[in-house]
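# What the coordinates show
Letter by letter, the chains look like this.
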Amino acid sequence: LVFLSVFIAPICQTIAAQNTKKISLRIKADYTKVIGESSYIDISTSARIDKKNTDIPNLNLSIVSETDDNEIELGQVTTDHNGKTRFIIKDLNELLKDSLGFYTLSISFKGDDNYKRASKTVSFKDAYIQATSFTKDSVNYVNASIKDVFLDSLLPETLLKVNVKRLFKSLPIGEEFNYTDENGTILVSVEEGIPGTDGILVVEVILSDSDDYGTVKTLLNAPFGKPVVFDNTFDKRTLWSSRDKTP
């Protein structure tokens, strides 16, 4: 009986291990560059659990810059309670770049007792958007151009979005589709009457989710807004004010 129990125990452990299958992990990564501010990778982790897509928190992820024949470890990040995190790229010059001008970052999870190891790569080139504002014949305009930094060449037939930045949702301006011309440039008129603090509109020019460049955004302060007047007297309650402002 002793021999039989010794023989059966390892088999039971093996069966238990087989029944406890590790869960496949999904990593999503998107590159964004904000001109004059920062570049970053937004990362999220999820898994299919009980037939539902579930965000996976508290996972340690390694970030590596790589080419075909070299790699540099950049650091680690940990997902928050929503399964999200952001890796800030301090300087693109610190990353490895291939002969075509592409940067490739690998985001990897080494696996644990619950989840299988997983990885995701994101590749992108560097692009630059320049934007200016001017008024001609009483019409306000935003002029913007985009270029490939590695090739030092402007990008024609490229779709750029132009918005006025708002607290909750940006306001699109210009045509529905703003494609750059043969010189890599768009020209968008800005209608009058859009309210802005001190008459300033914060205009966003965005290349969104490009296969080669990711998302690239620049912000421009344009003096085309209708000044917003704030009522600073609302909270000033006195004994001599109207009923709605008295104690």
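Looking now at the environment of Asp-181. Along the polypeptide, Asp-181 turns up in the loop between strand E14 (178-179) and strand E15 (185-190). Since its relative accessible area comes to 32%, Asp-181 is described here as partly exposed. Remark: the alpha-carbon pair of Asp-181 and Ser-145, spanning 36 residues in sequence, is separated by 9.3 Å. Ignoring anything within four residues of it in the chain, the contact list for Asp-181 reads Pro-156 and Glu-157.

This part is about the nonpolar core. One finds Ile-173 and Val-203 to be the most contacted residues of the largest nonpolar core, which totals 25 residues. The set of elements that each furnish at least two residues to this core consists of strand E9 (127-136), strand E10 (139-148), strand E12 (159-164), E15, strand E17 (201-210) and strand E18 (214-222). In terms of residue count, E17 provides more of this core than any other element does, four residues in total. Beyond its immediate stretch of four places on either side in the chain, Val-203 contacts Val-142, Val-162, Asn-163, Ile-173, Thr-218, Leu-219, Leu-220 and Ala-222. Core analysis: the second largest hydrophobic core is formed by 24 residues, Tyr-31, Leu-61, Val-77 and Ala-118 among them.

What follows covers the pattern of salt bridges. This structure, assessed with the given rule, holds five salt bridges. The partner of Asp-148 in a salt bridge is Lys-125, with the nearest N and O atoms 2.9 Å apart. Of this pair, Asp-148 sits in strand E10 while Lys-125 sits in the loop between strand E8 (118-124) and E9; the two residues are 23 residues apart in sequence, bridging distant segments of the chain. Judged by its relative accessible area of 0%, Asp-148 falls in the buried class. Its relative accessible area of 8% is what places Lys-125 among the buried residues. The partner of Asp-152 in a salt bridge is Lys-147, with the nearest N and O atoms 3.2 Å apart. Among the residues examined, Lys-147 registers a relative accessible area of 29% and is labelled partly exposed.

If you trace the backbone, Ser-46 turns up in strand E2 (residues 38-49). We classify Ser-46 as buried; its relative accessible area is 15%. Not counting the four nearest positions on each side in its chain, Ser-46 is found in contact with Ser-24, Leu-25, Arg-26, Thr-54, Asp-55 and Ile-56.

Phi is positive for Glu-157, which is not a glycine, with a value near 50°. Structurally, Glu-157 is set in the loop between strand E11 (153-154) and E12. A relative accessible area of 70% places Glu-157 in the exposed class. In the Ramachandran plot, Asp-198 falls in the positive-phi region, its phi being about 55° despite a non-glycine side chain. Turning to its location among the elements, Asp-198 is positioned in the loop between strand E16 (195-196) and E17.

In this section: the sheet that holds strand E5 (residues 71-78). Strand order in the open sheet formed by four strands is E5-E4-E7-E8, with antiparallel pairing between adjacent strands. Sheet topology places E5 and E8 at the edges, where each strand pairs with a single neighbour. Between one strand axis and the next, the sheet turns by 20° as a mean value, whatever way the strands run. Note: strand E4 (residues 60-66) against strand E7 (residues 103-109), four bridges, orientation antiparallel. Residue pairing for E7: Ser-65 is matched across the bridge by Leu-105.

A few words now on the pairing of E2. On a regular strand, one side chain projects to one face of the sheet and the next to the other, so that they alternate. Here strand E1 (residues 25-34) pairs with E2 via ten bridges, running antiparallel. Bridging across to E2, Ile-27 finds its partner in Thr-45. Connecting E1 to the antiparallel partner E2 that follows it, the hairpin turn spans three residues, and Gly-36 within it adopts a positive phi of roughly 80°. Two elements, E2 and strand E6 (residues 84-89), share six bridges in a ladder whose sense is antiparallel. Note that in E6 the partner of Ile-43 across the bridge is Thr-85. Pairing of E2 with strand E3 (residues 52-55), which is carried by four bridges, proceeds in the antiparallel orientation. Across the sheet, residue Arg-48 finds its bridge partner in E3, namely Asn-53.

Cut-off values and rules
- Residues numbered from 1 in each chain as written.
- Predicted model: local features only at pLDDT ≥ 70, side-chain atom pairs only at ≥ 80, totals over all residues.
- Heavy atoms only, no water.
- Helix = DSSP H or I, 4+ residues; strand = E, 2+ residues; numbered from the N terminus.
- Buried < 20%, exposed > 50% of the residue type's maximum accessible area, 1.4 Å probe, protein only.
- Contact = heavy atoms within 4.5 Å.
- Core = buried A, V, L, I, M, F, W, Y, C linked by side-chain atoms within 4.5 Å.
- Salt bridge = Lys/Arg side-chain N within 4 Å of Asp/Glu carboxyl O.
- Pairing = 2+ DSSP bridges.
- Axes fitted to C-alpha atoms, helices over the stretch in contact; angles between N-to-C directions.

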